[in-house]
Every structure is written in C-alpha cells, then in structure tokens.
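Residue-level structure breakdown
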Amino acid sequence: MTDTAPSDIVDFVRASAQLLELPLDDAQVARVAMHLARTRTMVAPLRLLPLGAELEPAEVYCPAPFPAEDPA
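First, a word on what this report is: a plain description of the structure on this page.

Rules used in this analysis
- Along each chain, residue indices are assigned from 1 in the same order as the chain's sequence is written.
- This being a predicted model, a pLDDT of at least 70 is required before a residue's local features are given, and a value of 80 or more before pairs of side-chain atoms are given or counted; all residues contribute to the totals for chains, interfaces and linings.
- Computation of side-chain values: all heavy atoms of the structure, hydrogens and water removed.
- For the purposes of this entry, the term helix denotes a DSSP run of H or I that reaches at least four residues, the term strand denotes a run of E that reaches at least two, and both are numbered from the N terminus.
- Expected span of a helix: the number of residues minus one, times 1.5 Å.
- Partly exposed describes any residue whose relative accessible area lies between the buried limit of under 20% and the exposed limit of over 50%, with all areas from a 1.4 Å probe on protein chains only and scaled to the type maximum.
- In what follows, residue pairs with any heavy atoms lying within 4.5 Å of each other are defined as contacts.
- Pairs of N or O atoms within 3.5 Å make up the polar contacts considered here, provided that, within protein, one atom can donate a hydrogen while the other can accept it, and that residues adjacent in sequence are counted only when both atoms are side-chain atoms.
- Throughout this description, the term nonpolar core refers to a set of buried Ala, Val, Leu, Ile, Met, Phe, Trp, Tyr and Cys residues connected via side-chain atoms within 4.5 Å.

**Thoughts on helix H2 (residues 26-47)**
- Between its first and last C-alpha, H2 extends 31 Å over 22 residues, near the 32 Å set by a 1.5 Å rise per residue.
- Every buried residue of H2 is accounted for by Val29, Ala33, Met34 and Ala37.
- In this fold, the buried residues of H2 make contact with helix H1 (7-19).
- Its side-chain oxygen 3.1 Å from the backbone nitrogen of Ala27, Asp25 forms the N-cap of H2.

Below, the structure written as structure tokens:
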C-alpha cells in the first residue's frame, strides 16, 4: 500500500469531518484516510468468505445486574 489514500476515501473523510464538525487540517485528513484505506484493504479478503444464512452475529453483551446491597 502506498503512503497516500485514494481520492474517494479522502473525500469521504473530509465530508464526514464536516458533518461531525471536526476541524481536521489536510495532514489529519490524509492520516485518517490512510488508516481507513488500510482497514479496507485488510477487510477485502474477509468479504470473499462464504457466509451461510445460519451464521448469526454474536449476542450483545449484557452484564449481570449490579447487586442492590453489598453482601459483606
């Protein structure tokens, strides 16, 4: 991977930052875009794996209830 991100990712980062009212300068936009491009590259092979309809995402973590009183 090169040190620069594709222009579509840079455009996406700029638009997202503007929507979220994040003041990013050009260097920050470039760094975020580079990391996002790297993530997209890492995920690409995973998207090729066949996933059957029977596979479900993991359950949402639900912690045990907090005790009302300290038993000690």
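**Details of the nonpolar core**
- Within the largest apolar cluster, seven residues are counted, these being Ala5, Ile9, Val10, Val13, Val29, Ala33 and Ala37.
- When residues of this core are traced back to their parent elements, those giving at least two are H1 and H2.
- When sequence neighbours within four positions are dropped, the list of residues in contact with Val13 reads Leu24, Val29, Val32, Ala33 and Leu36.

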